[in-house]
Structures are given as C-alpha cells and as structure tokens.
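Residue strings, one per chain:
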Amino acid sequence: MKVNVYVTLKPGVLDPQGKAIHHALEGLGFGGVADVRAGRFIELDVADDTSDADLDAMCAKLLANTVIENYRIERP
Amino acid sequence: MKTAVIVFPGSNCDRDMAVALEQVTGRAPAMVWHRDTDLPDGTDFIALPGGFSYGDYLRSGAMAARSPILRSVADAAGRGVPVLGVCNGFQVLTEAQLLPGALMRNAGLNFVCRTVPLKVENSQSLFTASYNAGEEINIPVAHHDGNYFADAATLDRIEGEGRVAFRYADSVNGSARDIAGVLNDAGNVLGMMPHPERAIDRAHGGTDGLRLFEAALGVLA
C-alpha cells in the first residue's frame, strides 16, 4: 500500500527557503505570487494492514519535527 | 574525569572536541560510535560534536537523534551527567527532545562561518561558571541551520528560568531572541551553535572557549 505523507511548516514559522523560491519566481517574471511555503513529500510503501495509529506514530516520532512542522497522511 | 565524544557518520568536529577535552582533563576521551548501545562505565561528561551527521538527511540531527547510542546519552542526561552539544550536537539534542526548540535554515540562507561575539546570559550553570554574567566572549560559528526557533510561550519560559546560556551580540542567523545556547531544565545539558572547542588556544585567535571546558570539567583554577 502506498501512503503519502506531506510535511509542512507550521503557520507563522519563517520559511527562508520558501522566500528564496518566491524571489526566484519573481526574477523569472512570474508576478502575482503572494507567498511560497516549501515542504516535504514522503512516499511510504507499507503493509496493507498498517494501522492509522502506526502511520501517525511514524510521522510524530521521525518524519516530522512537531516543534516546527505539521503533517498530513493520505492513504488510498 | 572520564569523558566521551559521540561519533556519527558525518561528524567532522569530533577530533577537535577530543583535543579540547584531553587538553583540559589530561586524558583522552572515549570515542563512542553511534551504533554502540552503551557508554563506557563511569562516563562523567558527554560531548556531541559538530558536523553533518547522516548527511543532514531528513532534518539536521534527525537521524542521529534516533541512533542507538542516543538512548544511553538520554539515560545519562537523566541521571545528571553533563552533556554538551555543539553545532550539529545542538541540533541532535533538540531533535532528541533533550532540549526545547528546533534549529532551522539560517534566515539569510547563507552558511555563516566567522567568529562572533556572544553575550553570556547565565553564568551560574556548570558550563558557564567561569564567565561573568553579561560578559562578551568571542567564539567561532560555522553552520547553515542555526536559526533557533521555539514558540513564544517556550521562549518566555526558558528565558524566565535562566536557561538561555548565550545570546548572539549581533544577529547572526535569525535565531529567535538571538539565542545561541540553551540549557535543559536541570542545567546539565547545554546545546550551542558556536564552537567553544575552536577557541582553546591562542593560535586559534582566542581562548574564550577554553573557559567553558574548564568550568564544565571541574578544573577551574
């Protein structure tokens, strides 16, 4: 089973990389971009009977640093 | 005094740290590999060195914080053994939740490598007793992910409890409230981005870092 995990910075946490990407987009002439936030996408291939609790624990214990990041789990 | 330096794949300041510990204690530290599960018996000071453990995969310090030896480091810290984390070692300590907060990409995005002035905020801790409160010292930094972040409530709490050991005298990397070094609630774990082990000899350009090791290792004159 393929499970998608999206790790994003919490609102209010400064994202210097997002800012740099934003500047680069403007440099390429793309106007009208209000903001850019960069995150991480992780694809897990796990056993079909993997529980939601286990997936949540994987995120909380390693995949995301919950001091600064939120995560969202998308399973089929 | 039995000291130990934890070595991860990608550590690159482990030997500098060992030189500092040996210079102050007169005895070479044990170099403990990340896959080891136990610290040498009687270890009474642990250092986590700078570098790029595990290539900074996932997040700086994230993989090292889940390595086998860190369980023993956490146990020792819980028993009151002094633990010093410098640069990547600081990142590992926050990822292991032995210290509050997180270290993010520098606000200016650039790797910062220079000697910076620090203000000693807490001169009562076992690591900082050789300094005077408010004293300015000069210690080198060399990092890309040194931008200290914690939520406002956490910042208020650690400031109120005197757990900010050092602040940057000038903004260096965007750190919240210019925090450069943080203590745990018991005061026996210190994480700091600047490298005291790179300021222990006049040939380094300064010896302000030596005093931290002299205080922490109990050899104050």
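Residues numbered from 1 in each chain as written. Chains lettered and ligands numbered in written order. Predicted model: local features only at pLDDT ≥ 70, side-chain atom pairs only at ≥ 80, totals over all residues. Heavy atoms only, no water.

Asks: Let's hear about the overall build of chain B: which residues, and what values?
Replies: Helices and strands together make up the secondary structure of chain B, namely six helices and 11 strands. What you see for chain B is a C-alpha radius of gyration of 16 Å, in line with the 17 Å of a compact globule of 221 residues. Its C-alpha atoms put chain B at 40 × 40 × 35 Å along the principal axes. Split into buried and exposed, the 221 residues of chain B put 58% on the buried side. Summarising the internal contacts of chain B: among those between residues at least 6 apart in sequence, 73% fall at separations of at least 24. For chain B, the exposed area adds up to about 8,700 Å²; of that, 46% sits on carbon and sulfur atoms. When the 18 positive and 25 negative side-chain charges of chain B are each reduced to one mean point, those points stand 3 Å apart. (Helix = DSSP H or I, 4+ residues; strand = E, 2+ residues; numbered from the N terminus. Rg over C-alpha atoms; globule rule 2.2 N^0.38 Å. Buried < 20%, exposed > 50% of the residue type's maximum accessible area, 1.4 Å probe, protein only. Contact = heavy atoms within 4.5 Å. Areas by Shrake-Rupley, 256 points an atom, 1.4 Å probe, with all protein chains shown as cover. Lys, Arg positive; Asp, Glu negative; His and termini not counted. Charge placed at Lys NZ, Arg CZ, Asp CG, Glu CD.)

Asks: Could you give an account of the interface of chain A and chain B, with specific residues and numbers?
Replies: Accessible area lost when the parts come together is the quantity often used to give the size of an interface. On the side of chain B, 14 residues touch chain A, which itself brings 16 residues to the contact. Summing both partners gives a buried area of about 1,300 Å² for chain A against chain B, and 67% of it is carried by carbon and sulfur. Counting every contact that joins chain A to chain B gives one salt bridge. At the boundary of chain A with chain B, the tally comes to five residue pairs in polar contact (both at pLDDT 80 or more). Those elements that provide at least two residues to the side of chain A that touches chain B are helix H1 (16-27), strand E2 (40-45) and helix H2 (52-63) of chain A. Looking at the side of chain A that touches chain B residue by residue, the class counts come to 11 nonpolar, two polar and three charged. (Buried area = accessible area lost by both parts, 1.4 Å probe. Salt bridge = Lys/Arg side-chain N within 4 Å of Asp/Glu carboxyl O. Polar contact = N/O pair within 3.5 Å; in protein donor to acceptor, adjacent residues only side chain to side chain. Nonpolar A, V, L, I, M, F, W, Y, C, P; charged D, E, K, R; others polar.)

Asks: Which residues make up H2 of chain A, and what values go with them?
Replies: Residue and element names in this part refer to chain A. Listing the buried residues of H2 in full gives Leu 55, Cys 59 and Leu 63. For H2, the angular spread of buried residues about the axis comes to 45°, placing them on one side. Of the residues in H2, the exposed ones pointing more than 90 degrees away from the buried face are Ala 53 and Lys 61. If you follow the buried residues of H2, they end up packed against strand E1 (2-9), E2 and strand E3 (69-74). (Arc of directions from axis to C-beta.)

Asks: Talk me through the environment of Ala 64 of chain B; I want residue IDs and the actual numbers.
Replies: Residues and elements named next belong to chain B. Structurally, the position occupied by Ala 64 is in helix H2 (residues 62-65). Ala 64 sits 46 residues away from Asn 110 along the chain, and the two C-alpha atoms are 24 Å apart. In this structure Ala 64 touches Phe 8, Ser 53, Tyr 54, Leu 70 and Val 92, once residues within four positions along its chain are discounted.

Asks: Give a detailed account of the side chain of Glu 69 of chain A, specifying residues and quantitative values.
Replies: Note on placement: Glu 69 of chain A falls in strand E3. The residues touching Glu 69 of chain A, leaving out its near neighbours within four places in the chain, are Val 7, Thr 8, Leu 9, Lys 10, Arg 40, Leu 63 and Ala 64 of chain A together with Arg 59 of chain B.

Asks: Give a description of the side chain of Asn 65 of chain A that names residues and reports values.
Replies: Tracing the chain through its elements places Asn 65 of chain A in the loop between H2 and E3. Judged by its relative accessible area of 10%, Asn 65 of chain A is buried. Beyond its immediate stretch of four places on either side in the chain, Asn 65 of chain A contacts Arg 59, Glu 95 and Ala 102 of chain B.

Asks: Pulling in residues and values, what's your account of the sheet that holds E3 of chain A?
Replies: Residue and element names in this part refer to chain A. Here we have three strands laid out as an open sheet, ordered E2-E1-E3, and antiparallel in their pairing. Here the strands that pair on one side only, and so sit at the sheet edges, are E2 and E3. Strand-to-strand twist in this sheet, taken as the mean axis angle between neighbours without regard to direction, amounts to 20°. Across six bridges, the pairing between E1 and E2 is antiparallel. When the bridges of E2 are listed, Asn 4 appears paired with Glu 43. In the packing of H2 onto the sheet, contacts are made with E1, E2 and E3, and the angle to E3 comes to roughly 150°. (Pairing = 2+ DSSP bridges. Axes fitted to C-alpha atoms, helices over the stretch in contact; angles between N-to-C directions.)

Asks: Just give me the short version of the pattern of salt bridges, but keep the residues and values in it.
Replies: Residue and element names in this part refer to chain B. Counted by the stated rule, this structure contains 15 salt bridges over all chains. Glu 95 is the salt-bridge partner of Arg 66, the closest N and O atoms lying 2.8 Å from each other. Here Glu 95 lies in helix H4 (residues 88-95) and Arg 66 lies in the loop between H2 and helix H3 (68-78), a separation of 29 residues in the sequence. Residue Glu 95 is classed as buried on the basis of its relative accessible area of 6%. The salt bridge involving Asp 145 is made with Arg 105; its shortest N-O contact spans 2.7 Å.

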